[in-house]
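Each chain is listed here by its residues.
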Amino acid sequence: MSNASLKEQLQTLGLSTPATEKPQFSKKKQRPEKVERAERAEKTEKVVKKQKPAWLEQAQYGVELLKAHFPACFKEVKEIQPVKVGIKQDLVKHLSSREDIVISDKACMVSSLAYYVNSPAYHKHVLEGANRVDLDGNPAGVVTAEEAQYSRDCRKAKLQKKQSADQSAALKSNLETVK
């Protein structure tokens, strides 16, 4: 059997097109290249916005661990109480004596403590005269006027930073749509 007969057989079965014929492709409506690029960029941007950064997922996981192991101290957003000054040292000391928690979770909890106490929800609850709590939920001091002022300043700074970021993102998206 020669190659020519094989080609002919494939053509008769409809599995191959003759070499002289060019394959027919469906004609798509041609779109400007800029529009296609913009749509691809928009899809990529949406995917990026949906994904959390790894550090954020790690911090949130650590906060959930803190809530699970120390429910009297670390609570949900509406029930947050200011924690004791120096609680990190207490946490490290307590975790070093616990053998039922894996080392990576211990490290995650200690590093997530900073995320917890720097959250806007935490700063919202640091008010002058509010009771601070230790790991067991026992009273461990009171929030001073200076601490409450510092907390208000932190909330204002974060709010301003977020607003400026939102404005710059809006400007950027407006510029991209104009192009």
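As the structure is a computational prediction, the values presented were derived from the model and not from experiment.

Student: Sorry, what's going on with the nonpolar core here?
Tutor: What tends to happen in soluble globular proteins is that the nonpolar side chains get buried as a cluster. F70, C73, F74 and L91 are the most contacted members of the largest nonpolar core, which has 23 residues in total. At the level of elements, α3 (54-69), α4 (87-96) and α5 (103-117) are the ones that each hand at least two residues to this core. Top element by residues in this core is α5. It accounts for 4 residues. Ignoring anything within four residues of it in the chain, the contact list for L91 reads L66, F70, M109, V110, L113 and L135.

Student: Which parts of the structure should I look at to understand the packing of α4 against α5?
Tutor: Think of two packed helices as two axes; the pair is described by the angle between the axes and how far apart they sit. Interhelical geometry of α4 versus α5 gives an angle of 175° and a closest axis separation of 10 Å. It follows that α4 is roughly antiparallel to α5 by the angle criterion. Where α4 abuts α5, its residues I87, K88, L91, V92, L95 and S96 lie against K106, M109, V110 and L113. Classifying every residue of the contact of α4 with α5 gives 7 nonpolar, 1 polar and 2 charged.

Student: I'm lost on the pairing of strand β2 (residues 139-142) in this one. Help?
Tutor: The side chains of a regular strand alternate between both faces of the sheet. Taken together, the 2 bridges between strand β1 (residues 131-133) and β2 define a ladder with antiparallel strand orientation. Residue pairing across strands places V133 opposite P139, the latter belonging to β2.

Student: How do you make sense of the layout of surface pockets when you look at a structure like this?
Tutor: A probe matching the size of a water molecule, rolled over the atoms, marks out where space remains unfilled. If you add up the space inside the second largest pocket, you get close to 260 Å³. Forming the walls of the second largest pocket are 15 residues, and the residues nearest its centre are V83, V117, Y122, R132 and Y150. Counting only elements with at least two residues in the lining of the second largest pocket, the list comes to α4, α6 (120-125) and α7 (145-178). Here the residues of the lining of the second largest pocket sort into 7 nonpolar, 4 polar and 4 charged.

Student: Looking at this structure, how should I read the pattern of salt bridges?
Tutor: Summed over the entire model, instances satisfying the criterion amount to 5 salt bridges. A salt bridge links D100 to R98, with the nearest nitrogen and oxygen atoms 2.9 Å apart. We classify D100 as exposed; its relative accessible area is 58%. With a closest N to O distance of 3.1 Å, R132 and E147 form a salt bridge. Residue R132 is located in strand β1, and its partner E147 is located in helix α7; the two are separated by 15 residues in the primary sequence. Each of E64, K67 and E76 takes part in a single network of salt bridges with overlapping partners.

Rules of the game
Residues numbered from 1 in each chain as written. Predicted model: local features only at pLDDT ≥ 70, side-chain atom pairs only at ≥ 80, totals over all residues. Heavy atoms only, no water. Core = buried A, V, L, I, M, F, W, Y, C linked by side-chain atoms within 4.5 Å. Buried < 20%, exposed > 50% of the residue type's maximum accessible area, 1.4 Å probe, protein only. Helix = DSSP H or I, 4+ residues; strand = E, 2+ residues; numbered from the N terminus. Contact = heavy atoms within 4.5 Å. Axes fitted to C-alpha atoms, helices over the stretch in contact; angles between N-to-C directions. Parallel < 35°, antiparallel > 145°, perpendicular 65-115°, else oblique. Nonpolar A, V, L, I, M, F, W, Y, C, P; charged D, E, K, R; others polar. Pairing = 2+ DSSP bridges. 1 Å grid on protein atoms, 1.4 Å probe; cavity = no way out; pocket = protein on both sides within 12 Å on 5 of 7 lines; lining within 4 Å. Points joined across faces, edges and corners; volume = space filled by probe spheres on them. Salt bridge = Lys/Arg side-chain N within 4 Å of Asp/Glu carboxyl O.

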